[in-house]
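# Per-entry structural report
Below are the chains, spelled out letter by letter.
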Amino acid sequence: PEETVTSSFASFIHAARPEHLSQTVRQRSKRMILDSIGVGLDSAAIPSFPQELYSSVAVSSVYGKPGVKLSPTLAAFTNGVATHSMDFDDTWHPATHPSGAVLPALLAASQMLPPNTKPNGLDFLLAFNVGLEVQGRLMHFSTEAHDIPKRFHPPSVVGTLGSAAATAKLLSLSSAQCCHALGIAASLAGAPMANAATQAKPLHVGNAARLGLEAALLAARGMEANPLILDDIPGCSGFSAFYGMYQPKPLSAPGEHHEFLLEKQDIAFKRFPAHLGMHWVVDAALSVRNLFINYAGSFSPSLIRTIMLKIPVSKYINRPFPSSEHQARHSFQFNACAALLDGEVGLGSFSESSIHRQELRELLDKVVVEHPEDNVANFDKMYGEVALLLHSGDVLTGKCDTFYGHWRKPLSKESLLKKFRSNASHVLPEEKIEAIITLVDNLEKLSDSSQL
């Protein structure tokens, strides 16, 4: 039969082998796995999601809850929610959160399989990278996906198919079954951007992990779906329903002529739990704060007449006066002012007491926003600029083109380990934290991936 875009993706999933992963891809993806586990563990310390409501066939573990096991799909859902609950998880370009949609599904599936069929660590790492690759390739099918999203939250769209692809690989599904898993997942995908900055947003990542896993399991049991789901069929939308200007391309077979996207572009890891766009304005604010201290001897808000932010146009992260922690994580204004006032932004910055401080509100009153034409809403091209217009008439300016943690300026091994240890310390003792670090670092040598 003639090859289609969808069949090429299915063939890729089925044919991918561990030897197709370069050393760079292995190392970068292991950093993602470690960071994602840490973020999930940190969120598990917060009583925000009632896992106990979902217990049934208890075989799969839950982040930070040693006494709780759930059915595989519900464990994937719960851990996916935890991963994104503080917006602390990794980000790629085009914009999506790739690890949180895939890793919880693989962790749950690896515990689900019978003892004599457990995938080893190298199989697990391969499946994880298949899930990343499918997400990245789908994001490149539309120019619309390159900018900060306006309609659908990307993890709920590409993440669901990435989860399905990764699980299909881990379960060793046939090429035809992989094709159907993608088609089933497409019918389970999608969540609107209007729920950004609300408590519902983490559900998008949880559902991506869960529903992708369910799609693969249904395909394994014989359910069929449209075999052209990724193709551009005039008059009958498949995956193109989620994106305009949809131009799909076949995925080349894995091997010497295929380069994984993770080889070309690293991942952005966040230093503090907020929307990725906030990291530009925080670094710019910290830069101008240092200038201000050198100028005035200390940070004195009374000397500031206006705080000018030059940011890209993106409605859902332009929030002048956030009233909740989720809104604060999605507010250029809040993050710039918190950085100016405190000299840092961290976990405590988004507490109720921090958000409603009088001195912070006074700074927010001074903020004016501009949207320069050259500052586009694109994580690969945008910048953040913070200017302080003083009562004296002087102007101090800080600008950030690439924050520390961006794929162009990756976190060092030391910084990533520091973040992981800090996150995991909320629920795990030191010896278990170090054991996870060692296990992930040596994932290729693990004989049973369910140990993770």
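Residues numbered from 1 in each chain as written. Predicted model: local features only at pLDDT ≥ 70, side-chain atom pairs only at ≥ 80, totals over all residues. Heavy atoms only, no water.

In the annotation of an unreviewed UniProt entry, the entry for the protein reads Cis-aconitate decarboxylase, and the organism field reads Regulus satrapa. Looking at the protein in UniProt, the text filed under Catalytic activity (unreviewed entry) is "cis-aconitate + H(+) = itaconate + CO2". The UniProt entry for the protein carries this comment under Subunit (unreviewed entry): "Homodimer." (UniProt positions renumbered as here; feature names shortened; annotations may be inferred.)

## Brief notes about the overall build of the protein
For the protein, the count of helices and strands is 16 helices and six strands. A compact globule built from 452 residues would reach a C-alpha radius of gyration of about 22 Å, and the protein, at 22 Å, matches this within 12%. Once the C-alpha set of the protein is aligned to its principal axes, its extents read approximately 75 × 55 × 40 Å. For the protein, the proportion of its 452 residues judged to be buried stands at 58%. Long-range contacts, defined here as pairs at least 24 residues apart, represent 76% of the contacts in the protein between residues at least 6 apart. Here the protein has roughly 17,700 Å² of accessible surface; of this, 52% comes from carbon and sulfur atoms. (Helix = DSSP H or I, 4+ residues; strand = E, 2+ residues; numbered from the N terminus. Rg over C-alpha atoms; globule rule 2.2 N^0.38 Å. Buried < 20%, exposed > 50% of the residue type's maximum accessible area, 1.4 Å probe, protein only. Contact = heavy atoms within 4.5 Å. Areas by Shrake-Rupley, 256 points an atom, 1.4 Å probe, with all protein chains shown as cover.)

## Digging into the domain arrangement of the protein
Each domain of the protein was delimited in the assignment, giving domain 1 (5-270 + 414-451) and domain 2 (276-400). With centres defined by C-alpha atoms, the gap from domain 1 to domain 2 works out at 33 Å. Listed per partner, the contact involves 22 residues of domain 1 and 16 residues of domain 2. Where domain 1 abuts domain 2, roughly 1,600 Å² becomes buried across the two surfaces, and 67% of that area is made up of carbon and sulfur atoms. It is Ile148, Ala197 and Lys270 that lose the most area in domain 1 upon contact with domain 2, and together they represent 38% of the buried surface on that side. Inspection of the domain 1/domain 2 interface yields zero salt bridges. Considering only residue class, the side of domain 1 that touches domain 2 consists of 10 nonpolar, seven polar and five charged. (Domains from an automatic or database assignment. Buried area = accessible area lost by both parts, 1.4 Å probe. Salt bridge = Lys/Arg side-chain N within 4 Å of Asp/Glu carboxyl O. Nonpolar A, V, L, I, M, F, W, Y, C, P; charged D, E, K, R; others polar.)

## Thoughts on the packing of helix α4 (residues 98-112) against helix α8 (residues 201-220)
Helix-helix packing is characterised by the crossing angle of the two axes and by the distance between the axes. Two numbers describe how α4 lies on α8: the axes approach to 8 Å, and their chain directions differ by 45°. Classified by the interaxial angle, the pair formed by α4 and α8 is oblique. Regarding α4 and α8, the two cross each other, and that crossing is right-handed. Of the residues in α8, those in contact with Gly100, Ala101, Pro104, Ala105, Ala108, Ala109 and Met112 of α4 are Val205, Ala208, Ala209, Leu213 and Leu217. Of the residues assigned to the contact of α4 with α8, the class counts are 11 nonpolar, one polar and no charged. (Axes fitted to C-alpha atoms, helices over the stretch in contact; angles between N-to-C directions. Parallel < 35°, antiparallel > 145°, perpendicular 65-115°, else oblique. Left-handed = near helix turned anticlockwise from the far one by under 90°.)

## Quick notes on the UniProt feature "domain: MmgE/PrpD C-terminal" (unreviewed entry) in the protein
In the numbering adopted here, UniProt assigns the feature "domain: MmgE/PrpD C-terminal" (unreviewed entry) to residues 272-444. The span residues 272-444 shows a helical share of 40% and a strand share of 14%, and its end C-alpha atoms are spaced 30 Å apart.

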